[in-house]
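Observations on the three-dimensional arrangement
If you want the building blocks of each chain, they are given just below.
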Amino acid sequence: MKKIGLIVAVVLVAVLACSAFVGCSEAKEDNGKTYVSVDINPSVNLVIDGEGKVESVEAANEDAQVMLYGEVLVGKTAEEAFSLIASLAVEGKYLTEENSGVSVNVVAGNGSAEVETRVGNIVQTAFEAEAEKADISVNINTGAYFSLQRQFEYAKGKYPNVSAVQNMSIGKFKLVTELVANDDGVTFEYAASLDNEDLIEKLNECYNKIEPYATEAYKLAVAEASEIFDLAKASAESTAWSTYYVLNVLKHPVNYGIAYGVYNSAAVTLDYTLDKIEQLASYANAALSNVDTQKIADALGVEKSEVDAAIVGDDGKVTLESLEAYIDRTLKNMSAEAYAAVKENLPQLETYVNSLQADVEEFVNTLPEEYADAINKIIADVKVLGSDIVDFVDKLGDLTVDDVRTVVTYLEGKRDEAMTKIENDLSAEELEEAKEYVASYQGLVSGAQTVYNTAIESAKQQAEDFLAQAKQARFQWQYGQGNGNGAQQ
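This section reports on the structure supplied with the text. Just so you know, these numbers come straight off a predicted model, no measurement behind them.

1. Some remarks on the overall build of the protein chain
Secondary structure summary: the protein chain contains 23 helices and five strands in total. With 489 residues in all, the protein chain has 44% of them scored as buried. For the protein chain, long-range pairs separated by at least 24 residues make up 69% of all intrachain contacts whose partners lie at least 6 apart in sequence. Put simply, the protein chain shows about 24,900 Å² of open surface, and 52% of that area lies on carbon and sulfur atoms.

2. A short note on the nonpolar core
Counting 48 residues, the largest nonpolar core has Leu46, Met67, Phe82, Val102 and Phe127 as its most contacted members. If we ignore the near neighbours within four places in the chain, the residues touching valine 102 are Val38, Asp39, Ile40, Leu95, Phe127, Val138, Asn139, Ile140, Asn141 and Lys332. Counting 35 residues, the second-largest nonpolar core is a separate cluster that includes Tyr245, Ile379, Val401 and Val407.

3. Some remarks on the pairing of strand 3 (residues 54-59)
In this sheet, strand 3 lies alongside strand 2 (residues 43-48) in antiparallel orientation, the contact comprising five bridges. Counted as the bridge partner of asparagine 45 is glutamate 58 from strand 3. The turn joining strand 2 and strand 3, which pair antiparallel and follow one another in sequence, is formed by five residues; a positive phi near 85° is taken by glycine 52.

4. A look at the sheet that holds strand 1 (residues 34-39)
Taken in spatial order, the five strands make up an open sheet running 3-2-1-4-5, and their pairing is mixed. Strand pairing shows two members of the sheet lacking a second neighbour, strand 3 and strand 5 (139-141), which therefore form its edges. On average, each strand axis in the sheet is tilted by 20° relative to the strand beside it, whichever way the strands run. Each of strand 1, strand 2 and strand 3 is contacted by helix 4 (residues 78-91), which is oriented at about 175° to strand 2, the strand it contacts most. Against the sheet, helix 8 (residues 170-182) makes contact with strand 1, strand 2, strand 3 and strand 4 (101-108), and its axis sits at roughly 85° relative to strand 1, the strand it touches most.

5. As for the packing of aromatic side chains
What characterises a pair of aromatic rings is the spacing of the ring centres plus the angle enclosed by the ring planes. Taken as a whole and assessed by the stated rule, the structure comprises 10 aromatic pairs. The interplanar angle of 85° and the centroid separation of 5.1 Å between the aromatic rings of tyrosine 213 and tyrosine 218 together place this pair among those described as edge-to-face. By the burial criterion, tyrosine 213 is buried, and tyrosine 218 matches it. With a centroid separation of 5.7 Å and 35° between ring planes, the pair formed by phenylalanine 229 and tyrosine 452 is classed as tilted. Here tyrosine 452 lies in helix 22 (residues 446-475) and phenylalanine 229 lies in helix 11 (residues 216-247), a separation of 223 residues in the sequence.

6. Focus on the pattern of salt bridges
For the structure on display, the rule yields 15 salt bridges. Between glutamate 130 and lysine 133 there is a salt bridge, with its nearest N and O atoms 3.2 Å apart. Taken together, the positions of glutamate 130 and lysine 133, both in helix 5 (residues 113-133) and three residues apart, correspond to about one turn of that helix. Assessed through its relative accessible area of 14%, glutamate 130 is described here as buried. The partner of lysine 377 in a salt bridge is aspartate 381, with the nearest N and O atoms 3.4 Å apart. One end of the pair is lysine 377 and the other is aspartate 381, both in helix 18 (residues 369-383) and four residues apart, which spans about a single turn. Salt bridges sharing partners connect three or more residues here, namely Lys33, Glu55 and Glu201.

7. Comments concerning a nonpolar patch on the surface
Together, Ile258, Val384 and Leu385 make up a nonpolar patch on the protein surface, roughly 260 Å² of accessible area in all. By secondary structure assignment, the location of valine 384 is in the loop between helix 18 and helix 19 (387-394). Overall, the relative accessible area of 69% leaves valine 384 in the exposed class.

8. Notes on helix 10 (residues 196-209)
Taking 1.5 Å of rise per residue, the 14 residues of helix 10 would be expected to cover 20 Å, and the 20 Å separating its terminal C-alpha atoms lies within 8% of that figure. Taken residue by residue, helix 10 has Asn196, Leu199, Ile200, Leu203, Asn204, Cys206 and Tyr207 as its buried positions. Across the axial projection of helix 10, the buried residues extend over an arc of 165°, all falling on one side. Buried residues along helix 10 sit in contact with strand 1, strand 2, strand 3, strand 4, helix 8 and helix 9 (188-193).

9. So, the pairing of strand 1
The element strand 1 is extensively covered by neighbouring structure, given that six of its six residues are classed as buried. With burial as the criterion, each face of strand 1 is covered, one bearing Thr34, Val36 and Val38 and the other bearing Tyr35, Ser37 and Asp39. One ladder, built from six bridges, connects strand 1 with strand 2; its direction is antiparallel. Among the inter-strand pairings, aspartate 39 is bridged to a residue of strand 2, identified as serine 43.

What counts as what
Residues numbered from 1 in each chain as written. Predicted model: local features only at pLDDT ≥ 70, side-chain atom pairs only at ≥ 80, totals over all residues. Heavy atoms only, no water. Helix = DSSP H or I, 4+ residues; strand = E, 2+ residues; numbered from the N terminus. Buried < 20%, exposed > 50% of the residue type's maximum accessible area, 1.4 Å probe, protein only. Contact = heavy atoms within 4.5 Å. Areas by Shrake-Rupley, 256 points an atom, 1.4 Å probe, with all protein chains shown as cover. Core = buried A, V, L, I, M, F, W, Y, C linked by side-chain atoms within 4.5 Å. Pairing = 2+ DSSP bridges. Axes fitted to C-alpha atoms, helices over the stretch in contact; angles between N-to-C directions. Phe/Tyr/Trp six-rings, centres within 6.5 Å; stacked < 30°, edge-to-face > 60°. Salt bridge = Lys/Arg side-chain N within 4 Å of Asp/Glu carboxyl O. Patch = residues over 30% accessible without salt bridge, like charges linked within 9 Å, V, L, I, M, F, W, Y side chains within 5 Å. Expected span 1.5 Å × (residues − 1). Arc of directions from axis to C-beta.

This is the structure we're talking about:
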């Protein structure tokens with residue numbers, strides 16, 4: 001009887017474990033992925049496969065990077081992963097009685113409301129269990145929080161004639177904004193044209209490429225090192241193609257290598273220049289220098305002094321992100337009675353924050369005067385290659401960042417056209433010889449490659465040191481002795 005009882009118990013455990021997420025038979029048939037976003041601050045995004053295991057994770061802000069540093073979530077079940085996140089949130093004093101609101105968004109790739117509810121319940125159960133241990137009255141919000149709802153409506157107003165945007169759900173909007181934020185090559189309109197399954201799959205690919213030490217400082221260092229290397233590589237390649245034609249001028253009197261080189265160098269240089277402009281604009285965020293904190297305080301029913309102190313980010317600046325983080329945090333920590341008292345003020349607050357976003361976008365798209373001359377010089381150097389580009393550039397008038405992005409795309413197209421001309425001009429043997437000659441020039445960038453490798457390694461070490469120290473300081477003895485989850489590296 002004891003053996004029978006043991007067998008029955010094992011079977012029951014297996015059945016319960018399987019049914020906790022999708023059910024055994026469903027798990028084999030449905031391999032659809034589910035996206036989950038959990039925001040306490042920290043903010044964590046995950047992709048879960050059809051069998052209920054974590055496939056990828058994004059620590060969406062620095063607090064999340066600190067909290068998850070040294071932890072392993074990929075491969076764990078959804079129950080294990082969210083229990084670990086909840087436990088860390090409590091241990092690190094991110095989830096407290098004063099900051100007890102947890103926003104949860106779940107989007108099933110296959111659109112199953114049942115899966116979304118089931119996963120949402122797993123998250124809620126995990127956080128409620130950990131909060132109860134710490135005697136915290138946790139408030140789980142599975143709806144659209146203020147900033148998400150506001151950004152959703154703002155996007156619909158910005159793209160009134162794009163049906164994919166007008167018809168999307170707020171869950172899909174969350175996926176779209178996440179993909180645009182994580183993949184530089186994806187535009188908002190393109191992402192909006194994808195279905196949820198494709199969006200989640202692409203996000204899964206992006207998240208799997210993210211290094212756990214990829215802090216903002218690390219990403220900035222990588223961008224700077226990449227710029228030095230790529231510019232050196234483009235210069236060497238451009239010189240090589242032009243020189244090959246010079247050495248073979250009798251056979252090939254028209255030097256298509258010059259056109260390729262000029263277009264290539266101009267495109268790479270402009271691209272990095274614009275990246276730098278957008279980074280500076282993003283960091284400065286000067287459009288938020290005159291925030292009407294009294295208006296925000298009145299809408300939320302709090303003191304102006306509280307708003308003044310709370311909306312300043314860690315870098316000492318007030319940004320759209322820091323402002324909305326404060327509003328979200330304030331609203332999700334309100335009691336039901338307090339929220340009901342301010343609810344009617346939220347549409348006006350959304351309108352005000354929308355105006356701030358519009359100012360930010362205009363600022364970011366403005367070409368700084370100190371860069372305008374350099375950009376116009378690059379474009380002027382390219383004009384000599386043909387009247388088509390002269391006409392193209394002249395039509396732009398006063399250039400904005402978006403305009404110059406269009407110029408970059410145009411230059412890349414002209415570069416590709418020049419390469420097609422080279423390939424048509426040279427025989428198969430000559431083309432192979434030319435490519436070998438160009439490859440030999442890459443030795444000129446070996447110094448830049450060394451600088452790049454050294455910079456990346458240094459940035460990685462600094463980022464890891466920062467995160468390790470920040471985690472140890474935040475978790476104190478728990479991290480130093482191990483947090484009991486067996487996940488420390």
